[in-house]
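Fold and geometry: a report
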Amino acid sequence: MVEVRDLINEPDASRLIFGLRDTGYNFRTASADIIDNSIAANADEVHVRIAMTSDGRKFVYFGDNGDGMDEDGVHKAMRYGAPVRANLASLGKFGLGLKTASSSVCRRFALISRKSPDAPLAKLAWDLDHVEETGKWEMRADPIEQHEADAFDELCGDKGTLVVWSKCDRLLTKNYDEPGGANEQAAIKRLRSSLKEHIALIYHRFLDPTDARQRNVLITVNNETVGPWNPFFPERAEQVLSEKQQRIEMDLADGEGSGVATVKAWILPNSNTLTEEERKRANITNRGQGFYIYREGRLINQGGWLGVFGAHGSFEPHMSLLRIEFDFGHDLDEAFYVDVKKSRILFDPAIEEHLQKLLGNARREAENRYRRKEKERAAQVTLDHGSANVSISSAPNAKKPVVLEVDVANQTAVVRNTQGARIKLHQPVQNNVAADKVYVDAVDDITSGELWEPAFRSTGEVGHVPGVRINKNHDFYQKIYLRAGASGYSVQGMDLLLWAFATAEVDFSNPEMQPIFADIRDVVSSNLKKLLRTVPMPTDADLEEAEEPRDQ
């Protein structure tokens, strides 16, 4: 029989405290968890400092001017599983963030605080090496060091809280041969820049004095003020959901509560319509699409479709203009399964289904705008089709019909082909065509949707020859031809193939056969569009490369 004393089964201190280092944080998300605590403590200033000594020892300081804590408050805050906050709407949630976030980066972290200018500074620290040596859940109550006192004065002021990370064995992702040297200093500088970008997004509502949804908070990194970055680019983007659609009323699964989530769908302008400065602010990328989830005004998920559309982690190039702003409060934490890092949520299947229906039109409109602008840009690119024209003009023995006469007004031609000596065909007839385009020409006035169409063309008003007009607005031209533009032989080969198709069509055509050939062109062109649907449009770099002259 198990004795009562055997029912108490405390975890191994060393194994657990080291195991909790690997809960999925990185430096940016760990720093954000510390900043959350500052904001929850009513701070309106939070200052972060990343420092490195000449011998390579690294420190990170987080100072705020919030409410501060006395000795008992510091002790409770340093407990793994700290007491529930009085304000449930605060950014803190599980009572683990300070400890797990800190230990994910460093082996020693200290908490120093006071509630008023005349109160003494209270300090406690967790040192993972000390826990490993003693095998106990024992903190350290070391005296305040001079660098800590200086940092409190500089970053907190009269009152507030200072968190100090030292023994930072995971601050950087690699070890450097020369600790504290130029390469490691450059890595620290990149880390600061990366943190600023992360904070600018995660807390943009707090950083933006014009955003009334959250109180304003000043955040600095190494004395540089962090400005807000609003991912929805509201000055140019369009929000496409009605007020009624934006509100989602939810009941908790256990029936013991309810809440309201809100959703907005922002369609950003195509980057081709933006200035260079606007492009930087909008930062339109493939990975920027999807859901931006806010809990109590703080961003906890940035981008991705969270399995609502496609698999988790999947991105669709033609959805890059669509960003979804989704808000909920602490009262719906259980409904969205918020994780300990406050960086992930899960949608209930019923919510997924609702969002799929709600956002269907927004996704279609975003796709249409993306494709329309991209197509306009691609249609402006000029490829060199001259090589194919030279090849065809140099092959007089290529089998083709003989054009006997044309009627430009009625767009008809009489030809001698395999079907007879005088076959009248209804096809585009064009005069005064440039010599380097007479056989093959890419045009933007084909409205049938077909990739190509046969034509009878002449550099003057007589001497017409069979040619092919290629549709610059067709997906095959824009997604395949333009990518092949960097290789002149590839373009020439496709040109010759389409000219051969078009010439064979008019050589075997008559008034009865023409509709059949037209149907074939239509089916081929339509199938190509379907097959290329998931192939992304060429990037600006692709298009610039396609337009560069190439030697063959």
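Placed above this text is the structure.
Residues numbered from 1 in each chain as written. Predicted model: local features only at pLDDT ≥ 70, side-chain atom pairs only at ≥ 80, totals over all residues. Heavy atoms only, no water.

**Some remarks on the pattern of salt bridges**
- One pass over the structure, following the stated rule, counts 38 salt bridges.
- For the salt bridge of Glu365 with Arg369, the shortest nitrogen-to-oxygen distance reads 2.7 Å. Of this pair, Glu365 and Arg369 both sit in helix H12 (residues 360-379), four residues apart, roughly one helical turn.
- Among the salt bridges present, the one from Glu453 reaches Arg469, with a minimum N-O distance of 2.7 Å. Taken together, the residues span a long stretch of sequence, with Glu453 in strand E19 (residues 452-457) and Arg469 in strand E20 (residues 465-471) at a distance of 16 residues. One exposure class covers both Glu453 and Arg469, and it is buried.
- When salt bridges that share partners are traced, they join Arg21, Arg107, Arg108, Asp127, Asp129, Arg140, Asp142, Lys167 and Asp169 into one network. (Salt bridge = Lys/Arg side-chain N within 4 Å of Asp/Glu carboxyl O. Helix = DSSP H or I, 4+ residues; strand = E, 2+ residues; numbered from the N terminus. Buried < 20%, exposed > 50% of the residue type's maximum accessible area, 1.4 Å probe, protein only.)

**A look at the packing of H12 against helix H14 (residues 475-484)**
- Here H12 crosses H14 at 60 degrees, and the two axes come no closer than 10 Å. Taken together, the axes of H12 and H14 are oblique relative to one another. In this structure, H12 crosses over H14, and the sense of that crossing is left-handed. Contact residues: Arg371, Lys375, Ala378 and Ala379 in H12; Asp475, Gln478, Lys479 and Leu482 in H14.
- Taken together, the residues of the contact of H12 with H14 break down into three nonpolar, one polar and four charged. (Axes fitted to C-alpha atoms, helices over the stretch in contact; angles between N-to-C directions. Parallel < 35°, antiparallel > 145°, perpendicular 65-115°, else oblique. Left-handed = near helix turned anticlockwise from the far one by under 90°. Contact = heavy atoms within 4.5 Å. Nonpolar A, V, L, I, M, F, W, Y, C, P; charged D, E, K, R; others polar.)

**A short note on the packing of aromatic side chains**
- Tallied over the full model, the rule gives 18 aromatic pairs.
- With 6.1 Å between their ring centres and 80 degrees between their planes, Phe476 and Tyr481 make a pair best called edge-to-face. In this structure, Phe476 and Tyr481 share a single accessibility class: buried.
- Site record: aromatic cluster; members linked through ring pairs are Phe291, Trp305, Phe309, Phe326 and Phe347.
- Just above the ring of Trp305 sits the side chain of Arg363; from NZ or CZ to the centre is 4.9 Å.
- Positioned above the aromatic ring of Phe309 is the side chain of Arg363, whose terminal nitrogen or guanidinium carbon lies 3.9 Å from the ring centre. (Phe/Tyr/Trp six-rings, centres within 6.5 Å; stacked < 30°, edge-to-face > 60°. Lys NZ or Arg CZ within 6 Å of the ring centre and 35° of its normal.)

**Section: the environment of Asp158**
- With respect to the helices, strands and loops of the structure, Asp158 is situated in the loop between helix H6 (146-155) and strand E5 (160-166).
- Taking the C-alpha atoms as reference points, Asp158 and Lys174, separated by 16 residues in sequence, lie 38 Å from one another.
- Filtering out sequence-adjacent residues up to four positions away, Asp158 remains in contact with Arg114, Ser116, Pro117 and Phe152.

**Section: the sheet that holds strand E18 (residues 440-443)**
- Read from one edge of the open sheet, four strands run E17-E19-E20-E18, paired in mixed fashion. Of all the strands in the sheet, just strand E17 (429-430) and E18 have a single pairing partner and so form its edges.
- Pairing of E19 with E20 involves six bridges; the strand directions are antiparallel. Counted as the bridge partner of Trp452 is Ile470 from E20. (Pairing = 2+ DSSP bridges.)

**Brief notes about the pairing of E19**
- Of all the six residues making up E19, six are buried; the element is thus mostly covered by neighbouring parts of the structure.
- With burial as the criterion, each face of E19 is covered, one bearing Trp452, Pro454 and Phe456 and the other bearing Glu453, Ala455 and Arg457.
- Two elements, E17 and E19, share two bridges in a ladder whose sense is parallel. Each residue of the ladder has a partner; that of Val429, found in E19, is Phe456.

**Observations regarding unusual backbone geometry**
- Of note in this structure, Phe233 is not a glycine but carries a positive phi near 45 degrees.
- With respect to the helices and strands, Phe233 occurs in the loop between strand E7 (224-225) and strand E8 (238-239).
- Under the relative-accessibility criterion, Phe233 is labelled buried at 2%.
- Backbone geometry at Gln411 places phi at a positive 55 degrees, although glycine is not the residue there.
- In this structure, Gln411 sits in the loop between strand E14 (402-407) and strand E15 (412-417).
- Residue classification places Gln411 among the partly exposed positions, given a relative accessible area of 24%.

**A look at the sheet that holds E15**
- Reading across the sheet, the three strands line up as E14-E15-E16 and stay open at both edges, with antiparallel pairing between neighbours. Strands with a single pairing partner mark the edges of an open sheet, and in this sheet they are E14 and strand E16 (420-426). The average undirected angle you get between the axes of adjacent strands in this sheet is 25 degrees.
- Pairing analysis gives five bridges linking E15 to E16, with the strands arranged antiparallel. Residue pairing for E16: Val415 is matched across the bridge by Ile423.

All quantities given are derived from atomic positions and should not be read as evidence of function.
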